[in-house]
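Read off the chains here:
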Amino acid sequence: MLEDATLADNTVSLEPMAITHLDALCEIGLNPDIWRWYTYTIAAREDMLHMMTTVLASKKEGTWFPFVTRDVATGRIIGSTSYLNISLPHKRLEIGSTWITPAFQRIAINTHAKFLMLQHAFEHLGLNRVEFKTDSLNTKSRAAILRIGATQEAILRAHMICDDGRLRDSVYFSIIRSEWPAVKVRLQHMMTARPQP
């Protein structure tokens, strides 16, 4: 089981999610555009509460570690991200379930968050593999994962069923330990080159 840890730099702070974050997440997380490519929709406070309760229960089981994402400059909570599908015996996990309120998208926030999570996974947890997955139709997400230096591995057909009944194909990507030094340099370059919030 992962120990509670806050991952932070001068741009973003990733803090362990708690049920006390419910109001802040509802304030910025009920926009339907956020959930377009998810298998579920968060449209009301009850939906957010159910999602949080579910992932916090998985945290107790050691398979999920959810964070809230805070913009350091404003102090505002602006979204969430997670370690999930955690398998410490096999030294692997997935980074995912990531969403950011639209006003803070397409700036450096998410790059900083991914850097902190990957650095923690490889350099502090000693993992061998970090996975990512996304809807095959989500071209923006696929491009973003490739841009940080991950390798596309496979498309799992009819992998998940969405709330609307659509069968989702999921694209899997990974970064492995031997690739991390080059990916680290790539992300550091991206963080200095991209506009700050």
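Below, the structure is looked at part by part. Please read all numbers here as calculations on a predicted model, not as lab measurements.

1. Quick notes on the overall build of the protein chain
The helix and strand inventory of the protein chain stands at five helices and eight strands. In terms of overall dimensions, the protein chain is globule-like: its C-alpha atoms have a radius of gyration of 16 Å, near the 16 Å expected for 197 residues. Seen through its C-alpha atoms, the protein chain measures out along the principal axes to roughly 40 × 40 × 35 Å. When burial is assessed residue by residue, the protein chain has 47% of its 197 residues classed as buried. Contacts spanning at least 24 positions in sequence make up 60% of the contacts within the protein chain whose residues lie at least 6 apart. For the protein chain, the computed accessible surface area is about 9,800 Å², with 54% contributed by carbon and sulfur atoms.

2. Topic: the nonpolar core
Core analysis: the largest hydrophobic core is formed by 36 residues, its most contacted members being Tyr83, Ile95, Leu118, Val130, Phe132, Ile175 and Leu187. Going through the elements one at a time, strand E2 (12-16), strand E3 (64-71), strand E4 (77-87), strand E5 (92-100), helix H3 (109-124), strand E6 (129-135), strand E8 (167-176) and helix H5 (180-193) are the ones with two or more residues in this core. The biggest single contributor to this core is H3, with eight residues. Residues contacting Ile95, with those up to four places away along its chain left out, are Thr81, Ser82, Tyr83, Leu84, Lys114, Met117, Leu118, Val130, Glu131 and Phe132. Core analysis: the second largest hydrophobic core is formed by 17 residues, Leu22, Cys26, Tyr38 and Met52 among them.

3. Some remarks on the pairing of strand E7 (residues 151-161)
Where E7 lies against E8, seven bridges are found, and the strand directions are antiparallel. The residue of E8 that forms the bridge with Met160 is Arg168. Linking two consecutive strands that pair antiparallel, namely E7 and E8, is a turn of five residues; a positive phi of about 95° is found at Gly165 within it.

4. Some details on helix H1 (residues 22-29)
One full turn of an α-helix is made of 3.6 residues, so residues set three or four places apart face in the same direction. All of the buried residues along H1 are Leu22, Leu25, Cys26, Ile28 and Gly29. Close packing links the buried residues of H1 with helix H2 (45-61), E3, E4 and E5.

5. Some words on the packing of H1 against H2
The geometry of H1 relative to H2 is characterised by a closest axis approach of 10 Å and an angle of 125° between their N-to-C directions. The angle between H1 and H2 places the two elements in the oblique class. Considering the relative orientation of H1 and H2, their crossing is right-handed. Residue-level inspection shows Leu22, Asp23, Leu25, Cys26 and Gly29 of H1 in contact with H2, the latter providing Arg45, Met48, Leu49 and Met52. Residues that form the contact of H1 with H2 fall into these classes: six nonpolar, one polar and two charged.

6. Focus: the pattern of salt bridges
This model, assessed by the stated rule, comprises eight salt bridges. For Arg45, the salt bridge identified is with Asp23, shortest N-O distance 2.5 Å. One end of the pair, Arg45, is in helix H2; the other, Asp23, is in helix H1, with 22 residues separating them in the sequence. A salt bridge links Glu131 to Arg129; the nearest nitrogen and oxygen atoms lie 2.8 Å apart. A single network of salt bridges, built from pairs that share partners, joins Arg129, Glu131 and Glu153.

7. Topic: the side chain of Thr134
Along the chain, Thr134 turns up in strand E6. What makes Thr134 buried here is its relative accessible area of 6%. Apart from the residues within four sequence positions on either side, Thr134 is in contact with Ser141, Arg142, Ile145, Arg168, Asp169, Ser170, Val171 and Phe173.

8. Overview of the packing of H3 against H5
At a closest axis distance of 10 Å, the pairing of H3 and H5 adopts a crossing angle of 155°. Considered as vectors, H3 and H5 are oriented roughly antiparallel to each other. The element H3 and its partner H5 pack so that their crossing is left-handed. Here Thr111, His112, Phe115, Leu118, Gln119, Phe122 and Glu123 of H3 lie close against H5, whose contacting residues are Trp180, Val183, Lys184, Leu187, Gln188, Met190 and Met191. Split into classes, the residues belonging to the contact of H3 with H5 amount to eight nonpolar, four polar and two charged.

9. Comments concerning unusual backbone geometry
As a rule of thumb, non-glycine residues mostly have phi less than zero, and peptide bonds are mostly trans rather than cis. One non-glycine residue, Ser97, adopts positive backbone phi at about 50°. By the element assignment, Ser97 lies in strand E5. At Ala158, a residue that is not glycine, the phi angle is positive and equals roughly 45°. Take Ala158: it is sitting in strand E7.

Thresholds, definitions, all that
- Residues numbered from 1 in each chain as written.
- Predicted model: local features only at pLDDT ≥ 70, side-chain atom pairs only at ≥ 80, totals over all residues.
- Heavy atoms only, no water.
- Helix = DSSP H or I, 4+ residues; strand = E, 2+ residues; numbered from the N terminus.
- Rg over C-alpha atoms; globule rule 2.2 N^0.38 Å.
- Buried < 20%, exposed > 50% of the residue type's maximum accessible area, 1.4 Å probe, protein only.
- Contact = heavy atoms within 4.5 Å.
- Areas by Shrake-Rupley, 256 points an atom, 1.4 Å probe, with all protein chains shown as cover.
- Core = buried A, V, L, I, M, F, W, Y, C linked by side-chain atoms within 4.5 Å.
- Pairing = 2+ DSSP bridges.
- Axes fitted to C-alpha atoms, helices over the stretch in contact; angles between N-to-C directions.
- Parallel < 35°, antiparallel > 145°, perpendicular 65-115°, else oblique.
- Left-handed = near helix turned anticlockwise from the far one by under 90°.
- Nonpolar A, V, L, I, M, F, W, Y, C, P; charged D, E, K, R; others polar.
- Salt bridge = Lys/Arg side-chain N within 4 Å of Asp/Glu carboxyl O.

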